[in-house]
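Listed below are the residues making up each chain.
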Amino acid sequence: MNGYTGTLKWWDMVVDLLAVETRPRPVAPVRPLAAAPAEPRLLPSAQKSGIEKLAGQPVGRKLKIVGFTLPPDIYQRLLEMGLTKGTPCTVVRYAPMGDPIELKVRGYSLSLRLAEAAGVQVSCP
Amino acid sequence: MSLSPPNAPVAQASAVRTVVVAGNPNSGKSTLFNALTGLRQKVGNYPGVTVEKKTGQCRGAHGEVINLIDLPGVYSLQTRSLDEAVARDVLLGRLPDTSPPEVIVCVVDATNLERNLYLVAQLAELGLPMVVALTMVDMAEQSGLVLQVPELAAALGCPVIPVIAAQRRGLVELRQAITQQFDGPPPHRAPIPAPLDEAAKHLGGLLAREPGLHFRFAYAEALLLISATTGPALSGLPPKLRPALETARRKLEAAGIEWVADVINARYAWVQTIAGRVAHPRSGNAASVSERLDAWLTHKFWGWVFFIGVMAVMFFMIFKVAEVPMGWIADGQSALADWLGKTMPAGGFRDLVIGGGVAGVGGVLVFLPQILILFFFIGLLEDTGYLARAAFIIDRLMQRVGLHGKSFVPLLNSFACAIPGIMSTRTIENPKDRLVTILVAPLMSCSARLPVYAVMIAVLFPVGFSSWKKAGVMLAMYLLGLFAAFGMAWLFRKTLFKGEHSLLLLEMPPYRRPSLRVTLARMWERAVIFLKRAGTVILAITVIIWAISSYPKPANPNATPAEALAASYAGKLGHAIEPYIAPLGYDWKIGVGIISSFAAREVFVGTMSVIYSVQDGEKNAPALRDAMVAEKTARGTPVFTPLVCLSLLVFYVLAMQCLSTVVVVRRETNTWCWPLFQVAYMTALAWGAAFLVLHVGRWLGYA
């Protein structure tokens, strides 16, 4: 998961578990799978760079919010917390059990669950 | 707008003015409120801690009395939670006992300008004069932000006063600005897209004709209603205007306006330009202290180590350190009872004072050390910002059983006492998440169960058993309560609240150095709330339980206390419930113990010592234990077989035997339906589990 090339040894896993990084890892340039072509393309900007889900984005990558597939009340709450369309954001970390996810947006830290983050569409400008 | 009431400002300098203090959670609002009023008040780092209505007074620049109202910390006035509803209603002058505000002081965290200014933009739509109090200026400067305050004031159209409340800097200027703003001009508003603006003006015109809303707020209320997505947010809409709202929304949709989002987008767009103009980052963004700390404290391994460590220390303090003052209180109580017993003339009144009054007050006070330590820790965790991290770490686990990251602290509180636990569920915004937490909180083994566990375990393993075995049973009881709570929460999510969406949106505030003074002040404030809410109930119930266990007096004046208890209403009740508890292996004497537990579970121990005629059974534990072990049924077999002990332990883990908790749940849910449901399900669960323990045990060949 962290760019190992060789076979994983148990001590590698222990070292990985105990390692503390105080600043984000450099993000590998490889982009994970772009959205499947069947997914609805909501915005013109989506033509240039693929729309992806916020959930599952690598830590430290610069993202931009492009849309939502959430029920209106939750969508509105996210908007009011500052996640309006076009706002840049970054995933700061995932919680120890992988959920929730911590975002940096408009200069502050916001955590939300993967369930909601899966309904936030982002692009990678 | 010069549409304010005609009472002139200068002529009535002595009239009391109302000013509200609004702001985001974590914005330093409560600290500022304390500094302004000198009242002790909650200050927290965990979003949503100030739910109660807080008021205080300060003096304006001309010495006039200003009535300050501290609003709950909210991100928005759009009503989806209790806090937001309260904030909206205070601002719109809807609450009957609160006069409508004349000036809004909006607290803005300078380190988090955009999201804080969003609320300013929304408040500006009310058309009330406003003062912006800019907090955390020092922290913003440390993080390399250069703020241009005059530009900000010009852009917002209202005075902006930088304050450092802890050092009392900027307070004089703030009070001056408030005085100047009485009947001052309203601040600038965010430009709203024309179709939305027209729709809001039209709907506002209709709203202004309805009673109950000041006409100057009609526009703001109309905007809130147009973009409202949920039922509670529409509570301000008179039913006959519902079609007008639907038409307005259809028109907007036709014009290409997304009514859910576009007002918010417009406000944020405005705020973003302002923030971009007035705040300039000076240096590159080096990893801040908070970020470096978070790398450790939310780490996938070290995060758990720290989390478990913090909780362990808290537990140790609550259970071990609190024992010392609890012992003093218990000693003081018995000394007072002895003294009163000697000095007061014998009779019903003396018995009432000792058995009801002293026992009741003592029963309340004995919890105080634990509650104080608990509140101190919670306050410390809130003030430092760790509480949000704890919720972040634990949310995944809690989510799996249908709970919430924010349910963790209330459940943890419930290990000390369910009442503060249930009181602290107010930090959970989603009503359904909150309700599930309240429903399962009393399953956690509170400290009042501890003496019962101790006695029953002593009877279960009388002498010659290793203390490891005893500790193991004790631990098993705690785990049973924990798993029962998780299991029931999961069940409620799957059945009662099926399909209800649970939402976590958690601001992670930067770590801050806690102030001992502030934390202690808040600890005391919460303890006072506990004493008021729960203390009175516990006292009343103790008196009632005392009365039913002392009356009617036995016919024979020389009856032993055990005989007197048997003849009392409580004794009769014990006999009356015997058929229902006999399947669990309990006789009427245990029935009396269970009934007396409704005052507080630990009363069981006292009742048992009376019923088995043990002198001072609370202190003389071995004597009580021996009496209970020696107790025989009519057929000559022991009453307290190991299985009966276990069954009774399980019953005490799961049963809702605390009337004070019932009353507090009634208060927090605002209906009798939920506390009664809770009593019903917990009693059924306790009875069923105790029955299973006894009968499966017998079937397996144990006694």
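Let me begin by describing the structure that accompanies this report. (Residues numbered from 1 in each chain as written. Chains lettered and ligands numbered in written order. Predicted model: local features only at pLDDT ≥ 70, side-chain atom pairs only at ≥ 80, totals over all residues. Heavy atoms only, no water.)

Digging into helix 30 (residues 673–699) of chain B
Residues and elements named next belong to chain B. Taking 1.5 Å of rise per residue, 27 residues should cover 39 Å, and helix 30 covers 38 Å from first to last C-alpha, within 8% of that figure. Among the residues of helix 30, those classed as buried are Trp674, Pro675, Gln678, Tyr681, Met682, Ala686, Ala689, Ala690, Leu694 and Gly697. Where the residues of helix 30 are buried, they touch helix 19 (431–440), helix 21 (467–494), helix 28 (642–654) and helix 29 (659–669). After helix 30 finishes, the residue Gly701 shows a positive phi value of roughly 100°. (Helix = DSSP H or I, 4+ residues; strand = E, 2+ residues; numbered from the N terminus. Expected span 1.5 Å × (residues − 1). Buried < 20%, exposed > 50% of the residue type's maximum accessible area, 1.4 Å probe, protein only. Contact = heavy atoms within 4.5 Å.)

Things to note about the sheet that holds strand 3 (residues 65–70) of chain B
All names here are of chain B. Taken in spatial order, the six strands make up an open sheet running 2-3-1-4-5-7, and their pairing is mixed. The open sheet terminates on both sides in strands that have one partner only, identified here as strand 2 (54–59) and strand 7 (160–162). Averaged over all pairs of adjacent strands, the angle between their axes in this sheet comes to 25°, without regard to strand direction. Here strand 4 (residues 103–109) runs beside strand 5 (residues 130–135); their pairing, made up of six bridges, is parallel. Of the residues in strand 5, the one forming a bridge with Asp109 is Thr135. Along the sheet, helix 5 (residues 149–156) makes contact with strand 5 and strand 7, crossing strand 7 at roughly 150°. (Pairing = 2+ DSSP bridges. Axes fitted to C-alpha atoms, helices over the stretch in contact; angles between N-to-C directions.)

Side note on the interface of chain A and chain B
Of the residues lining the interface, 40 residues belong to chain A; the matching set on chain B comes to 52 residues. Of the roughly 4200 Å² buried between chain A and chain B on both sides combined, carbon and sulfur atoms contribute 59%. When the area that chain A buries against chain B is broken down by residue, the three leading residues are Arg77, Glu80 and Arg113 of chain A, summing to 19%. Taken together, chain A and chain B are joined by five salt bridges. For the salt bridge of Asp395 of chain B with Arg113 of chain A, the shortest nitrogen-to-oxygen distance reads 2.7 Å. Sorting the residues of the side of chain A that touches chain B by element identifies helix 1 (10–18), helix 3 (72–80), strand 3 (88–94), strand 4 (101–105) and strand 5 (108–112) of chain A as the ones contributing at least two each. Among the elements that line the side of chain A that touches chain B, the one with the most residues is helix 3 of chain A, at nine residues. Of the residues contributing to the side of chain A that touches chain B, the split by class is 19 nonpolar, seven polar and 14 charged. In this structure, strand 5 of chain A lies alongside strand 9 (residues 505–507) of chain B, joined through three bridges in antiparallel fashion. (Buried area = accessible area lost by both parts, 1.4 Å probe. Salt bridge = Lys/Arg side-chain N within 4 Å of Asp/Glu carboxyl O. Nonpolar A, V, L, I, M, F, W, Y, C, P; charged D, E, K, R; others polar.)

Concerning the packing of helix 21 of chain B against helix 28 of chain B
Residue and element names in this part refer to chain B. In the contact formed by helix 21 and helix 28, the axes pass within 9 Å of each other and the chain directions differ by 40°. As far as their axial angle goes, helix 28 and helix 21 are oblique. The hand of the helix 21/helix 28 crossing is right-handed. The segment helix 21 lies against helix 28, with Val473, Met477, Leu480, Gly481 and Ala484 engaging Leu646, Leu649, Val650, Val653 and Leu654. Of the residues contributing to the contact of helix 21 with helix 28, the split by class is nine nonpolar, one polar and no charged. (Parallel < 35°, antiparallel > 145°, perpendicular 65-115°, else oblique. Left-handed = near helix turned anticlockwise from the far one by under 90°.)

Focus: the sheet that holds strand 1 (residues 52–53) of chain A
Read across the open sheet, the seven strands follow the order 1(A)-6(A)-2(A)-3(A)-4(A)-5(A)-9(B); overall the sheet is antiparallel. Edge positions in the open sheet fall to strand 1 of chain A together with strand 9 of chain B, since each of these has one partner strand only. As paired strands, strand 2 (residues 62–68) of chain A and strand 6 (residues 120–123) of chain A are joined by four bridges and run antiparallel to one another. Across the sheet, residue Lys64 of chain A finds its bridge partner in strand 6 of chain A, namely Ser123 of chain A.

Quick notes on the nonpolar core
Of all hydrophobic cores here, the largest spans 118 residues; its most connected members are Met456, Tyr586 and Phe640 of chain B. When near neighbours in sequence (up to four residues on either side) are disregarded, Tyr586 of chain B contacts Glu578, Ile581, Ile594, Val644, Ser647, Leu648, Phe651 and Ala690 of chain B. Grouped together as the second largest cluster of nonpolar side chains are 102 residues, Tyr108 of chain A together with Ile192, Leu196 and Ala275 of chain B included. (Core = buried A, V, L, I, M, F, W, Y, C linked by side-chain atoms within 4.5 Å.)

So, helix 10 (residues 262–278) of chain B
In this model, helix 10 of chain B (17 residues) spans 24 Å end to end at C-alpha, consistent with the 24 Å of a helix rising 1.5 Å per residue. Of the residues making up helix 10 of chain B, those classed as buried are Asp262, Val263, Ile264, Ala266, Arg267, Tyr268, Trp270, Val271, Ile274, Ala275 and Val278 of chain B.

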